[in-house]
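Chains, contacts and geometry: an overview
Below, each chain spelled out in residue letters.
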Protein chains: 2
Amino acid sequence: MLNQPTPLDRVFHALGDPTRREMVDRLSHGPATVKQLAEPYAMSLPAVLQHLKVLEASGLVTSEKVGRVRTCRIDHKTLDHAGDWIARRQASWERRLDKLGEYLAATADEQNEEQ
Amino acid sequence: MLNQPTPLDRVFHALGDPTRREMVDRLSHGPATVKQLAEPYAMSLPAVLQHLKVLEASGLVTSEKVGRVRTCRIDHKTLDHAGDWIARRQASWERRLDKLGEYLAATADEQNEEQ
DNA sequence: TCTATAGTTAAGTAAATGCTTAACCAACCG
DNA sequence: CGGTTGGTTAAGCATTTACTTAACTATAGA
């Protein structure tokens, strides 16, 4: 991978890790501080911070620091982009099934006519 | 990551690579042989095969070999799982916004009563 | 002011990723 | 049979990932 990753690369890659998916899950219920996000995990704080950095780089999460606490929140738009990509492939797949169905129906008709 | 990846880990990880997403895209329009899948890319056949292996391990793609050609197709159910996961987080996010809205409305009412 | 809290930076490491080339097999085809 | 086509395996390599520990900064509160 010489070329740099696209936004969608970053989003799916970010979601490919269970810890990061759990963080997104947690944040989908409301904002949380770094401390709160880290609390469920056995791993070190710097490790959590690195996951957070990946999530922020992907656009899935935003954060702002007030005083000494950083509060993180989901950016739903980015999650939507990922959902849209999947929905579009599902759509092409279904269009294909429709066409296949039409074809099979047409073939059946022809066979009926032949009989 | 000492523990082995979950199915969802594998799916999102598989979708995190642009080449693999393009392959899923291609396959969403209909089945293709390994040769056909490899054709758009500058990379070697073994590299394509490795991407294919990742896609198969994730469950996004299935394949069967007839004679000497292997034909690959999407398994839509796996794509659905990924879409469902995203949809569920979007749902919690929206529920949260609803509750926030109710709270704000209630607060506004209280303030009206106080006045 | 002293100290605990919340977060950050840097550097190092083991394992996983995404490729490569070389060698190989098995099926179809003239 | 012998060559071409389609796919596969193995080995190697540079890069990225997911952590770690140690050291550090800045804010909040007693």
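My aim in this report is to walk through the structure given alongside it, one point at a time. Throughout, residues of each chain are indexed from 1 in the direction in which the sequence is written. Chains and ligands are labelled sequentially in the order written, the chains with letters from A and the ligands with numbers from 1. For a predicted model such as this one, the threshold for reporting local features is a pLDDT of at least 70, and the threshold for listing and counting side-chain atom pairs is 80 or more; totals across whole chains, interfaces and linings nevertheless cover every residue. Excluding hydrogens and water, the side-chain figures rest on all heavy atoms present in the structure.

**Brief notes about the sheet that holds strand 3 (residues 69-74) of chain B**
All names here are of chain B. Counted only if it meets this: Any two strands between which DSSP finds at least two bridges are classified as paired. Each helix is a run of DSSP H or I of at least 4 residues and each strand a run of E of at least 2, with the numbering of both proceeding from the N terminus. Contacts between residues were defined by any pair of non-hydrogen atoms, one from each residue, lying within 4.5 Å. Throughout, an axis means a line fitted to C-alpha atoms (over the contacting stretch in the case of helices), and angles, computed between N-to-C directions, take values from 0 to 180 degrees.
Here we have three strands laid out as an open sheet, ordered 1-3-2, and antiparallel in their pairing. In this open sheet, the two strands that pair with only one neighbour each are strand 1 (32-33) and strand 2 (61-66). Here two bridges tie strand 1 to strand 3, and the two strands are oriented antiparallel to one another. Of the residues in strand 3, the one forming a bridge with Ala32 is Cys72. Helix-sheet contacts for helix 2 (residues 18-28) involve strand 1, strand 2 and strand 3, and the interaxial angle to strand 3 is about 90 degrees.

**So, the protein's contact with DNA strand C**
Worth spelling out the cut-off: Any residue with a heavy atom lying within 4 Å of a molecule or strand is counted as near it. In protein, a polar contact requires one atom able to donate a hydrogen and another able to accept it; more generally it is a pair of N or O atoms within 3.5 Å, and residues adjacent in sequence count only if both atoms are side-chain atoms.
Lining the immediate surroundings of DNA strand C are 22 residues, of which Lys35, Arg68 and Arg70 of chain A together with Ser44 and His51 of chain B lie closest. Backbone atoms, meaning sugar and phosphate, make up 62% of the atoms of DNA strand C lying within 4 Å of the protein. Here Arg68 of chain A contributes a side-chain N or O atom positioned 2.4 Å from a base oxygen of DNA strand C. The contact in question runs from a base nitrogen of DNA strand C to an N or O atom on the side chain of Gln50 of chain B, over 3.0 Å. Mapped onto the surface near DNA strand C, the elements with two or more residues apiece are helix 3 (34-38), helix 4 (45-58) and strand 3 (69-74) of chain A together with helix 4 (45-58) of chain B. Top contributing element to the surface near DNA strand C by residue count: helix 4 of chain B, with four residues.

**Focus: the relation of the copies chain B and chain A**
Put simply, the test is: For this overlay, a least-squares fit was computed on C-alpha atoms, restricted to residues scoring pLDDT of at least 70 in both copies.
Under the fitted operation, chain B is carried onto chain A by 0.0 Å of movement along the axis and a turn of 180 degrees, and the coordinates agree to an RMSD of 0.1 Å. Taken together, the rotation and translation describe the operation of a two-fold axis. A shared binding surface is used by both copies, with 100% of the interface residues of chain B retained as interface residues in chain A.

**Description of the protein's contact with DNA strand D**
Which entries qualify depends on this criterion: Here the term charged refers only to Asp, Glu, Lys and Arg, the term nonpolar to Ala, Val, Leu, Ile, Met, Phe, Trp, Tyr, Cys and Pro, and the term polar to all other amino acids, Gly among them.
Close to DNA strand D lie 22 residues; Ser44 and His51 of chain A together with Lys35, Arg68 and Arg70 of chain B are nearest. Within the contact set of DNA strand D, a phosphate oxygen lies 2.6 Å away from a side-chain nitrogen or oxygen of Arg70 of chain B. Contributions of two or more residues to the surface near DNA strand D are made by helix 4 of chain A together with helix 3 (34-38), helix 4 and strand 3 of chain B. For the surface near DNA strand D, a count of residues per class yields nine nonpolar, six polar and seven charged.

**With respect to the packing of aromatic side chains**
Threshold: Pairs were defined over the aromatic rings of Phe, Tyr and Trp, the Trp ring being its six-membered one, requiring ring centres within 6.5 Å. Orientation was assigned from the angle between planes: stacked under 30 degrees, edge-to-face over 60, tilted for the rest. Between buried and exposed lies partly exposed: a residue is buried under 20% and exposed over 50% of the maximum accessible area for its type, with that area taken using a 1.4 Å probe on protein chains only. For a Lys NZ or an Arg CZ to count as sitting over a ring, it must be within 6 Å of the ring centre and within 35 degrees of the ring normal.
Under the definition given, this model contains three aromatic pairs over all chains. Seen in terms of ring centroids, Phe12 of chain A and Trp85 of chain A are 5.8 Å apart; in terms of plane orientation they differ by 75 degrees. Their pairing is edge-to-face. Placement of the pair is Phe12 of chain A in helix 1 (residues 7-15) and Trp85 of chain A in helix 5 (residues 76-114), with a sequence separation of 73 residues. Classification of Phe12 of chain A as buried rests on a relative accessible area of 0%. Put simply, the rings of Phe12 and Trp85 of chain A together with Phe12 and Trp85 of chain B pair up and form one aromatic cluster. Taking NZ or CZ as reference, Arg21 of chain A lies 6.0 Å from the ring centre of Trp85 of chain B, over its face.

**Quick notes on the nonpolar core**
Filter applied, for reference: In these notes, a set of buried Ala, Val, Leu, Ile, Met, Phe, Trp, Tyr and Cys residues joined through side-chain atoms within 4.5 Å is what counts as a nonpolar core.
In terms of nonpolar packing, the biggest core is built from 50 residues, with Leu60 of chain A together with Leu60 of chain B touching the most fellow members. Those residues within four positions of Leu60 of chain A in sequence are excluded, and the remaining contacts are Val11, Ala14, Leu15, Val24, Leu55, Arg73, Ile74, Asp75, Thr78 and Leu79 of chain A.

**Digging into helix 4 of chain B**
Residues and elements named next belong to chain B. Heads up, the condition is: A helix is expected to span 1.5 Å for every residue after the first. An arc is given here, and it is the one of the directions from the helix axis to the C-beta atoms.
If you check helix 4, its first and last C-alpha atoms are 20 Å apart, about what 14 residues at 1.5 Å a residue would give, namely 20 Å. Among the residues of helix 4, those classed as buried are Val48, His51, Leu52, Leu55 and Ser58. Along the long axis of helix 4, the arc covered by the buried residues comes to 120 degrees, so they all point the same way. The exposed set on the far side of helix 4, more than 90 degrees from its buried face, consists of Pro46, Gln50, Lys53 and Ala57. Taken from the residues just after helix 4, Gly59 is the one with a positive phi, measuring 90 degrees.

**Some details on the interface of chain B and chain A**
Many descriptions give the size of an interface as the accessible area lost when the pieces come together. Rule in force here: Here's the idea: put two parts together, see how much 1.4 Å probe accessible area each one loses, and the total over both is what we call buried area. Salt bridges are defined by distance alone: a side-chain nitrogen of Lys or Arg within 4 Å of a carboxyl oxygen of Asp or Glu.
Across the boundary between the two partners, chain B contributes 30 residues, which contact 30 residues of chain A. Where chain B abuts chain A, roughly 2700 Å² becomes buried across the two surfaces, and 66% of that area is made up of carbon and sulfur atoms. Between the two partners, chain B and chain A, sit four salt bridges. A salt bridge links Arg21 of chain A to Asp9 of chain B; the nearest nitrogen and oxygen atoms lie 2.7 Å apart. Looking at the side of chain B that touches chain A, the elements with two or more residues in it are helix 1 (7-15), helix 2 and helix 5 (76-114) of chain B.

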